[in-house]
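Read off the chains here:
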Amino acid sequence: MAKRFFRVEKADRPDLAAIGSMSQLDVQGYAFPKIFPLLPVTEKSGTMTVAPAGLTESKGTKGRANGTALNGTAITMVTVDWSAARFEGRGKLYEDDGAAYATAEAADQAGAELAQRLAWNKVEDEAFAKVFTATRASGATELPDHEVVKTLQKKAKALRKYGVATLVMTTNTWLDFVEIPEIRVRLEKLAGASNDIGFIMTDIEKVRAAVSTFLGFGSVVLFDSAIVGTSHDGEIAVIGLRPEAKNGNVAALAKSKALYGWTPVYIPEDAPADKPFDMRAWYDDANKCNVYDAEAFLGVVEAFSAAVVMCKLAAAYTEYPTVVVNTASAEG
């Protein structure tokens, strides 16, 4: 005998909003909050005054005579306009599929998770498009054979005023990047030194940490190619990011240090700050299915476009026999 299908009542479902909670710092593994940290807001648009880029390269004076005016350099704050747009997802659970779930709660969770993931995926795509633009792609610096590390480190040095240099790319690009002989031989050396050669093939997190270490970068952030597509495969963004932003208090941080960008998340005054989705469920008689709607208002804001430089892989690379591995921490 077939199991009974659980038809949902038409209602707001705040209980399902927790499935897409942003209280997890990685928001279920997405890249966008690591690049554009989450900033809860109570309005859907506004203007934010933030600190300019520091670490000036200008110079002071020497030998000023008494009575001669000393010229000063002003600190000019930057104003950034932002807005939050509606991001939505709709999950459908038809009767013949829904009957496979043991309980109504399990069916509701599946529908809500699908709806919210659809919305999160669109946010991820929006963040990717902010970083990987056609203009940056056209002006990308090619990573020369046997000079990949040196070129990336030079790019990183130029971004110190925006924070710790971070490598950002798609998962497809990452697979090609670690196969560059200059990178691969460093990984092999590092793995051999730690007697952990197996991690090269089996532990992506360890490999990302190893690459960050010997390149002198803070971290490696990957966009899933299955979500953001393949149009920018072969490109690598170097971004100056503030790792301390993951601890929250983004607004205060942005007023003291130049912050590449952020994600304003609209939270109504009576809603929990870590549950941005308005969830609704209803039964569609015409199509005989439960419908789960997720809606959130977010924006992806790029405050300092100069915090990003774009590189690209060369068409081919040759073997790289000699290497010295820097095992020092990449923090700085």
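Above this text you will find the structure in question.
Just so we're clear, the structure is a prediction, and the values are computed from it rather than from any experiment.

A.B. asks: Help me out: how do you make sense of the overall build of the protein in this one?
C.D. replies: From N to C terminus, the protein includes 11 helices and 14 strands. Overall, the C-alpha framework of the protein stretches about 90 × 60 × 35 Å when taken along its three principal axes. Buried positions account for 44% of the 332 residues belonging to the protein. Of the contacts formed within the protein by residues at least 6 apart in sequence, a portion of 84% connects residues at least 24 apart. Total accessible area computed for the protein in this model is approximately 17,400 Å², and 50% of it derives from carbon and sulfur atoms. On the protein, the mean spot of the 36 positive side-chain charges and the mean spot of the 42 negative ones are 8 Å from each other.

A.B. asks: Please clarify how the side chain of Arg 136 should be interpreted in this entry.
C.D. replies: On the secondary structure map, Arg 136 appears in helix α4 (residues 134–138). A polar contact is formed between the side chain of Arg 136 and the backbone oxygen of Ser 305, at a distance of 3.0 Å. The contact partners of Arg 136, leaving out residues within four places of it in the chain, are Lys 130, Val 131, Tyr 260, Glu 302, Ser 305, Val 308 and Met 310.

A.B. asks: How should I be thinking about the pattern of salt bridges in this particular structure?
C.D. replies: Opposite charge on two side chains allows them to pair when their charged atoms are near. Within this structure, the stated rule accounts for 14 salt bridges. Asp 12 is the salt-bridge partner of Arg 280, the closest N and O atoms lying 3.6 Å from each other. Of this pair, Arg 280 sits in strand β11 (residues 278–284) while Asp 12 sits in strand β1 (residues 11–12), and the two are 268 residues apart along the sequence. A residue is classified by how much of its surface remains accessible, and Arg 280, at 41% relative accessible area, is partly exposed. Judged by its relative accessible area of 52%, Asp 12 is exposed. In this structure, the salt-bridge partner of Asp 278 is Arg 280, at a minimum N-O distance of 3.0 Å. Each of the salt bridges in this network shares a partner with another, and the network as a whole consists of Asp 12, Asp 278 and Arg 280.

A.B. asks: Quick question: what am I supposed to make of the nonpolar core here?
C.D. replies: One broad rule of soluble globular proteins: the nonpolar side chains tend to lie buried together. Ranked by internal contacts, the top residues of the largest apolar core, which has 92 residues, are Leu 167, Phe 177 and Val 211. Among all residues touching Leu 167, those that are not within four sequence positions of it are Leu 152, Phe 177, Val 211, Leu 215, Phe 217, Ser 219, Val 220, Val 221, Ile 236, Ala 237 and Val 238.

A.B. asks: Teacher, can you tell me more about the pairing of strand β9 (residues 235–241) here?
C.D. replies: Working note: regular strand, side chains alternate between the two faces of the sheet. Of all seven residues making up β9, seven are buried, and the element is well covered by its neighbours. In β9, alternate side chains face the same way, and those of Glu 235, Ala 237, Ile 239 and Leu 241 on one face and Ile 236, Val 238 and Gly 240 on the other are all buried. For strand β7 (residues 164–170) and β9, the ladder comprises five bridges, and the chain directions are antiparallel. Bridge pairing in β9 links Ala 165 to Gly 240.

A.B. asks: Sorry, what's going on with the packing of aromatic side chains here?
C.D. replies: The relation between two aromatic rings is expressed through the spacing of the ring centres and the mutual angle of the planes. Summed over the entire model, instances satisfying the criterion amount to 12 aromatic pairs. The interplanar angle of 45 degrees and the centroid separation of 6.2 Å between the aromatic rings of Tyr 30 and Phe 32 together place this pair among those described as tilted. Measuring from ring centre to ring centre gives 4.5 Å for Phe 128 and Phe 132, while their planes differ by 20 degrees; the resulting arrangement is stacked. Since its relative accessible area comes to 3%, Phe 128 is described here as buried. Since its relative accessible area comes to 3%, Phe 132 is described here as buried.

A.B. asks: Hey, could you run me through the sheet that holds β9 in this one?
C.D. replies: In any sheet, the strands associate via hydrogen bonds between backbone groups, in a parallel or an antiparallel arrangement. Reading across the sheet, the five strands line up as β6-β14-β9-β7-β8 and stay open at both edges, with mixed pairing between neighbours. Both outer strands of the open sheet, β6 (141–143) and β8 (219–223), are each paired with one neighbouring strand and no more. Taking each pair of neighbouring strands and ignoring which way they run, the sheet shows an average axis angle of 35 degrees. Two strands pair when backbone bridges link them, and β9 and strand β14 (residues 308–313) are joined in this way by five bridges, in the antiparallel orientation. When the bridges of β14 are listed, Val 238 appears paired with Val 309. Where helix α3 (residues 104–131) meets the sheet, it contacts β7, β8, β9 and β14, and its direction lies at approximately 120 degrees from that of β8. Its contacts with the sheet put helix α9 (residues 204–215) on β7 and β8, and the angle it makes with β8 is roughly 130 degrees.

A.B. asks: Just checking my understanding: could you explain the environment of Gly 29 for this structure?
C.D. replies: Within the secondary structure, Gly 29 sits in the loop between β1 and α1 (32–35). Residue classification places Gly 29 among the partly exposed residues on the basis of a relative accessible area of 44%. For the pair Gly 29 and Phe 223, spaced 194 residues apart in sequence, the C-alpha separation works out to 9.5 Å.

A.B. asks: It is not clear to me how the side chain of Thr 173 should be interpreted in this structure. Could you clarify?
C.D. replies: Counting through the fold element by element, Thr 173 comes out in helix α6 (residues 171–177). The contact partners of Thr 173, leaving out residues within four places of it in the chain, are His 232, Asp 233, Gly 234, Glu 235, Ile 236 and Leu 313.

A.B. asks: Explanation requested: the environment of Leu 152 in the structure shown.
C.D. replies: Here Leu 152 lies in helix α5 (residues 148–157). Residue classification places Leu 152 among the buried positions, given a relative accessible area of 0%. Once the C-alpha coordinates of Leu 152 and Lys 34 are considered, the two residues, 118 residues apart in sequence, prove to be 20 Å apart. When residues no more than four places from it in sequence are discounted, the contact partners of Leu 152 are Leu 143, Leu 167, Phe 177, Leu 215, Phe 217, Val 238 and Cys 311.

About the thresholds
- Residues numbered from 1 in each chain as written.
- Predicted model: local features only at pLDDT ≥ 70, side-chain atom pairs only at ≥ 80, totals over all residues.
- Heavy atoms only, no water.
- Helix = DSSP H or I, 4+ residues; strand = E, 2+ residues; numbered from the N terminus.
- Buried < 20%, exposed > 50% of the residue type's maximum accessible area, 1.4 Å probe, protein only.
- Contact = heavy atoms within 4.5 Å.
- Areas by Shrake-Rupley, 256 points an atom, 1.4 Å probe, with all protein chains shown as cover.
- Lys, Arg positive; Asp, Glu negative; His and termini not counted.
- Charge placed at Lys NZ, Arg CZ, Asp CG, Glu CD.
- Polar contact = N/O pair within 3.5 Å; in protein donor to acceptor, adjacent residues only side chain to side chain.
- Salt bridge = Lys/Arg side-chain N within 4 Å of Asp/Glu carboxyl O.
- Core = buried A, V, L, I, M, F, W, Y, C linked by side-chain atoms within 4.5 Å.
- Pairing = 2+ DSSP bridges.
- Phe/Tyr/Trp six-rings, centres within 6.5 Å; stacked < 30°, edge-to-face > 60°.
- Axes fitted to C-alpha atoms, helices over the stretch in contact; angles between N-to-C directions.

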